[in-house]
Amino acid sequence: MSALRLLHSESIATLDFRRRLLAWYEANARDLPWRKDRDPYRVWVSEIMLQQTRVAAVIEHYHAFLRRFPTVNKLAAAREDSVLAAWSGLGYYRRAHMLHAAAKVVACERGGKFPENAEGWRQLPGIGRYTAAAIASIAFREPVAVVDGNVERVLQRICGEQIAGEPLWESAEIFLDRERAGDFNQAMMELGAMVCTPRAPGCLTCPVLELCLTRGELLGGAKAVPQKKREIHYAFARRGDDVFLVQRARDESLMAAMWELPEISRPKRRTVPSFTLRHSITVTDYSVRVWPVPAPEESRGQWVAKEKLNRIALTGLARKILRMAELV
Ligand code: SF4
């Protein structure tokens with residue numbers, strides 16, 4: 001019989017699980033800036049930044065973003081270019097567009113007041129089931145469970161099953177400590193990030209080792225997706241400290257309206273690239289060559305002065321190249 005069917009929210013095993021996990025979290029939680037208070041705006045910004053971005057990179061940008069937009073009203077009133085510029089370096093710019101759009105809804109249609117439950121949060125642009133539950137449980141103590149990649153892995157290993165979809169969310173609800181939902185959800189994610197890691201989990205230091213049916217990697221898990229390889233070429237036209245950049249279209253699905261170097265085909269002439277670098281986006285590893293060009297052939301671009309480069313929204317790759325050229 002499935003281990004999950006033997007559990008219910010008040011079984012001795014689930015009560016023991018909560019007690020052990022929360023005690024471990026209190027003693028071992030990382031000291032992260034967004035854990036210092038339960039302010040919904042800060043929790044929301046951190047949750048959006050943490051989607052698809054490493055904790056270390058988020059820490060770097062979190063304070064600067066909040067200094068620039070300290071309240072939801074300030075964020076709502078900002079120009080989109082400023083929001084994208086502040087997001088520069090975090091990647092996945094659709095999140096910044098959605099954050100900005102949701103801030104406008106909160107400021108203009110809700111008088112600056114945030115929803116207080118997960119259902120309300122899900123009505124806002126860019127907020128899915130996980131994010132809504134995370135914000136509602138952390139900022140408003142709503143007893144609602146979260147499932148992200150870390151929680152999924154922990155639950156599957158604890159139960160010894162490849163559960164997915166709705167049964168996974170149901171199992172998260174069974175384990176949830178309803179009195180301390182925000183702490184419990186963060187503790188589950190922390191356990192997945194720090195101990196129950198995808199490869200070589202640290203079972204010997206795990207607070208719920210005795211309650212775990214797998215105690216190691218669960219066999220038959222999803223195979224890692226192999227990375228694709230691609231070569232791309234960019235034109236690097238420089239006039240003193242000015243550099244020629246193009247702006248991506250506003251309706252692009254990725255990195256809309258952001259600035260970058262013009263992409264070109266590999267030059268036929270035998271020249272040497274100014275820079276070569278590697279850049280990875282999701283499942284593709286790019287081998288990037290940046291070629292010196294005398295004058296741009298692009299009609300949609302413009303010369304941008306060095307002083308302006310930190311104020312416009314650059315793509316992550318453009319920022320990397322300009323850093324190599326010591327322009328940012
Ligand atoms: Fe993960 Fe090992 Fe802990 Fe089980 S015992 S939850 S596999 S770290």
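Conventions we followed
Residues numbered from 1 in each chain as written. Predicted model: local features only at pLDDT ≥ 70, side-chain atom pairs only at ≥ 80, totals over all residues. Heavy atoms only, no water. Domains from an automatic or database assignment. Contact = heavy atoms within 4.5 Å. Buried area = accessible area lost by both parts, 1.4 Å probe. Salt bridge = Lys/Arg side-chain N within 4 Å of Asp/Glu carboxyl O. Polar contact = N/O pair within 3.5 Å; in protein donor to acceptor, adjacent residues only side chain to side chain. Helix = DSSP H or I, 4+ residues; strand = E, 2+ residues; numbered from the N terminus. Nonpolar A, V, L, I, M, F, W, Y, C, P; charged D, E, K, R; others polar.

Before going further, it helps to spend a moment on the domain arrangement of the protein chain. When the domains of the protein chain are assigned, the result is domain 1 (3-211) and domain 2 (228-324). Look at where the C-alpha atoms of domain 1 and domain 2 centre, and you get two points 34 Å apart. The partner domain 2 presents 13 residues to the 8 residues of domain 1 that form the contact. Across the domain 1 to domain 2 interface the summed buried area is about 840 Å²; carbon plus sulfur atoms make up 53%. When residues of domain 1 are sorted by the area they lose upon contact with domain 2, S88, Y92 and Y93 head the list and together hold 46% of the total. Our count for the contact surface shared by domain 1 and domain 2 stands at 2 salt bridges. Across the domain 1-domain 2 interface, the total number found is 3 residue pairs in polar contact (both at pLDDT 80 or more). The element best represented in the side of domain 1 that touches domain 2 is helix α5 (residues 80-87), accounting for 4 residues. Split by residue class, the side of domain 1 that touches domain 2 holds 4 nonpolar, 2 polar and 2 charged.

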